Structures are given as structure tokens and as C-alpha cells.
Amino acid sequence: PQLSTAALATLERLARDLAVEAGRLVIERPHGLGVAATKSSETDVVTVMDQRSEQLLRDRLAAERPDDAILGEEGDSVPGTSGITWVLDPIDGTVNYLYDIPQYAVSVAACVGDPTTPGAWETVAGAVYHPSLGELFHAHRGSGAFLRTDAGDVEALSVSGETALGRSLVGTGFGYAADVRRRQGEIVARVLPQVRDIRRAGSAAIDLCWVAAGRLDAYYESGLNPWDLAAGALVLTEAGGALRGPGGEPAQTRLTVAGPQALVDQLAPLVDTP
Ligand code: IPD
Ligand code: CA
Ligand code: CA
Ligand code: CA
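Residues numbered from 1 in each chain as written. Chains lettered and ligands numbered in written order. Predicted model: local features only at pLDDT ≥ 70, side-chain atom pairs only at ≥ 80, totals over all residues. Heavy atoms only, no water.

K.L.:
Break down the domain arrangement of the protein chain for me, with residues and values.
P.N.:
Domain boundaries in the protein chain define domain 1 (5–156) and domain 2 (165–271). On a C-alpha basis, the centroid separation for the pair domain 1 and domain 2 is 20 Å. Taken together, the contact pairs 44 residues of domain 1 with 25 residues of domain 2. Here domain 1 packs against domain 2, burying approximately 2,500 Å² in sum over the two surfaces, 65% of which is carbon and sulfur. Three residues, Asp92, Gln103 and Phe137, lead the burial of domain 1 against domain 2; their summed loss comes to 21% of the area buried on that side. Our enumeration of links across domain 1 and domain 2 arrives at one salt bridge. Put simply, Arg215 and Glu135 hold a salt bridge, and the shortest N to O gap is 2.8 Å. Connecting domain 1 to domain 2 are twelve residue pairs in polar contact (both at pLDDT 80 or more). Looking at the side of domain 1 that touches domain 2, the elements with two or more residues in it are strand 3 (69–72), strand 4 (84–92), helix 3 (94–98), strand 5 (105–113), strand 6 (121–130), strand 7 (135–140) and strand 8 (145–149). It is strand 6 that provides the largest number of residues to the side of domain 1 that touches domain 2, a total of eight residues. Along the lines of polarity and charge, the residues of the side of domain 1 that touches domain 2 split into 21 nonpolar, 17 polar and six charged. (Domains from an automatic or database assignment. Contact = heavy atoms within 4.5 Å. Buried area = accessible area lost by both parts, 1.4 Å probe. Salt bridge = Lys/Arg side-chain N within 4 Å of Asp/Glu carboxyl O. Polar contact = N/O pair within 3.5 Å; in protein donor to acceptor, adjacent residues only side chain to side chain. Helix = DSSP H or I, 4+ residues; strand = E, 2+ residues; numbered from the N terminus. Nonpolar A, V, L, I, M, F, W, Y, C, P; charged D, E, K, R; others polar.)

Structure (C-alpha cells):
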């Protein structure tokens, strides 16, 4: 669809409102912190609050945007007719949430194209809300990226000016499957001696927003899902960051390397292995 600046701003406004509303529900945890189920493996958990948060987001979207499609982590895809797909991560950082570590977020993105096909989609508006810090990261295409606090302070974001990988604080994350983790362990062993330090903070959406804010210099992860990436990727690029995928292609779920272009160029060869 052709989206005017006003239409993009409307989508962003809704993404923000939804992320904040769901984030406030999640932090109150009216249904506790316990595991509701395990998914792909014993390490891959879902709590009742993941499910409640996603239900809230879906209910709001069904009421306000009935023609849009929905792709969310904890439910079936909903088809649409408008060309816009909402890509939802109701709690990004579920393992932190389960342990009451206050580092998790709600990620809401409005996308065009097909978010299930790598490289075939684009986020046009998105928001990531970190309820424990009361921080909302948001952007729409062409707007620049912003951090808005619950206190009402707004700051324009830009990525770190660091250009040397050896002085860089680099975020990463690990998937849930043992074979994937074995591979990720080998890669992190290669990266660690060449950087200032590594952070595995536990939420890909926050990692991307923290690169946008210069709190991390760069970030890489393989095996993300569209909902981990959709909103944070737009915040990052609108903050002047670069995103790179496997073989120099657009960033996608198989590999995402994010940061200032100079650091992406240095990090990619270390992490981009088949
Ligand atoms: C996970 C987090 C984590 C990343 C994993 C994701 P979830 O999402 O973003 O930081 O390393 O790859 O699956 O399961 O907490 O929504
Ligand atoms: Ca996630
Ligand atoms: Ca999640
Ligand atoms: Ca999950």
C-alpha cells in the first residue's frame, strides 16, 4: 500500500499505545510468572502472561484495524486485506520475565510485504516498550528514532560513533535449540577476544533499541523470528544504524548484524558463517 506520512504516524501511534498497554499488563503480572507450556524444547518456555499480552494486542487490533493481518509469536496468523501485517512479540525476553529479571519488552510493528519470507518485507512503524524502565522506543519510516520515557521526556536516538570493533560492546543472543547453541557458542568464542565485551541481555528487541541508543555499540544474532526483529530493526535504522543479513543481503531472521556501518563491516565476517 501507498502510505502517506500521516498514515505512517497513525500506525506508529497505535504501535506505541499497544506496546505500552500490554507492557503495563505484563509488569503487573496478574496471572503470575509461571510457565504455561514449553514449545520447541524444554528451554523454550511460554508463560500465561505471554499469552495474555498477545491476546490483548490481538483484541485491540481486531477492533481498530480489522483489515490488517497479524503475525504473533503465541497465536495463529490472521489474514488481512489491507497489505499491512502487525508483527507482535507479546513478551520479548520471556526467560528474564520468568526469573523476574527486569529486562523484557513488548514489541509491536506494522509491516508491509510478507514477514514470513526473508527479505520480502519491511517495517513501516514500530514500538518497543520496556515496562521496568518505563522506556518506549519508537519510529516510523523516515521519522528518525525516539526514546520516550513514562515521565514524558523525549530524546532523538543515534547509534554509537565507535568505529573500532576492539573498543565495542557487542550484544548477542542465543536460540533455544541445542544444535543452534553449539554453533552460536563457537561463534561467540571467536568474537569475544576481539571486542570490548559481550552482553547477552535476553531480549533481541531491546538489544536492537539499545544499539539505536548507543547503549551497545553493535549486536548480532542468528535464528531470530520476525517478531523479535520487526520493530527494533526500524528503530535501529532510523537511528542511523545499518543492518546486514547473511552474505551481505538484507538483514533477516537467519542472521542479523546491527550497528554503525563501520562496526557491521568488521563484525559480519566473524559471525557470517554457514
Ligand atoms: C528471545 C529473546 C532472546 C533471543 C532469542 C529470542 P523470546 O525471544 O529475544 O534475546 O536471544 O533468540 O527467541 O522467546 O523471549 O520472545
Ligand atoms: Ca522474542
Ligand atoms: Ca516472546
Ligand atoms: Ca518465546
